[in-house]
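Architecture and fold: a report
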Amino acid sequence: MATLPAGANFDGNPPAPAPPQQPGTDMTGICFRDQLWMNTYPLDRNLVFDYFALSPFYDRTCNNELLRLQSIHPLDLSHLSKMIGIEYMLNEVIEPNLFVFRKQKRDSPEKVTPMLTYYVLDGSIYQAPQLCNVFAARIGRALYHISKAFTTAASKLEKIGYVDEDEAVPSESKVSKEVIDFKEVKRFDHILAAIHRKLPAAPPPPPFPEGYVPPATAEADKGSETQQGGESQPASVDPIIDQGPAKRIKF
């Protein structure tokens, strides 16, 4: 059941445990899976919330937890719609492989504000990335390839008509080279440069929803410096969290 933590040595000495993250922060780099629970209970729409509540993605201050303490099904919309605060809703179900949970803030029976999305895929629970991060990554990748294509095209245009001085003069028996119009080459080069200048910059990402805490930029900078320095350090967080029945909260 238990897995070897990332960075632990073969002597059985695990690294110092990292402090648990609060639900609502960027936890897209980890997943949760409890194989013992899945071997004991079926994973369907009636029990999937109990399985989700075992994960570190679950916020125990939500309205669903209050319903559980009152022996009411935590996804009962007739009770949740009368409450105000943080709640989880089962948004999409494809039994038994996919379950999508949406974390939202309810201000009234009709007004809710989406915050984060989680999904259970074949028994593993993940946090879905923010849509703005997905768009920013794909737009940045597209602009990179477009810029690289223009750079490659410009470098090839500069080499057209260039003859190395050490190259021997071709004999008269060889077919004469095609005559190149350098005015057209220069005109095409200007067209490429004008199109490249007209490419818009990537739009700024929209603001994060209320309750979402983006990852610390200092940790990201520290990770990039470590990679550039070539020093490999063991990870302090296990990418697969397997808590098991011993660490569950008993009611």
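Rules of the game
Residues numbered from 1 in each chain as written. Predicted model: local features only at pLDDT ≥ 70, side-chain atom pairs only at ≥ 80, totals over all residues. Heavy atoms only, no water. Core = buried A, V, L, I, M, F, W, Y, C linked by side-chain atoms within 4.5 Å. Buried < 20%, exposed > 50% of the residue type's maximum accessible area, 1.4 Å probe, protein only. Helix = DSSP H or I, 4+ residues; strand = E, 2+ residues; numbered from the N terminus. Contact = heavy atoms within 4.5 Å. Salt bridge = Lys/Arg side-chain N within 4 Å of Asp/Glu carboxyl O.

**Quick word on the nonpolar core**
The biggest cluster of nonpolar side chains holds 23 residues, and the ones touching the most others in it are Leu43, Tyr51, Phe52, Phe57 and Val120. Among the secondary structure elements, those contributing two or more residues to this core are helix H1 (35-40), helix H2 (48-52), strand E3 (98-106) and strand E4 (112-121). Among the elements that take part in this core, H2 stands out by supplying four residues, more than any other. Setting aside anything within four residues of it in sequence, one finds phenylalanine 52 in contact with Phe57, Tyr58, Tyr88, Phe101, Tyr118 and Ile125.

**Examining unusual backbone geometry**
Cis geometry is adopted by the peptide bond preceding proline 96, which originates at glutamate 95 and carries an omega value of -10°. Here proline 96 lies in the loop between strand E2 (85-94) and E3. Look at serine 71: it is not a glycine, yet its phi comes out positive at around 60°. Mapped onto the fold, serine 71 is located in the loop between helix H3 (63-69) and helix H4 (77-80). Taking the relative accessible area as the measure of exposure, serine 71 reaches 73% and is therefore exposed. The phi angle at aspartate 122 is positive, at roughly 55°, despite the residue not being glycine. If you trace the backbone, aspartate 122 turns up in the loop between E4 and strand E5 (124-127).

**Observations regarding the pattern of salt bridges**
The tally for this structure, following the rule as stated, stands at five salt bridges. For aspartate 59, the salt bridge identified is with lysine 103, shortest N-O distance 3.8 Å. Of this pair, aspartate 59 sits in the loop between H2 and H3 while lysine 103 sits in strand E3; the two residues are 44 residues apart in sequence, bridging distant segments of the chain. Aspartate 59 sits in the buried class, given a relative accessible area of 15%. Exposure remark for lysine 103: the relative accessible area of 3% places this residue in the buried category. Between glutamate 87 and arginine 106 there is a salt bridge whose closest N-O contact spans 2.9 Å.

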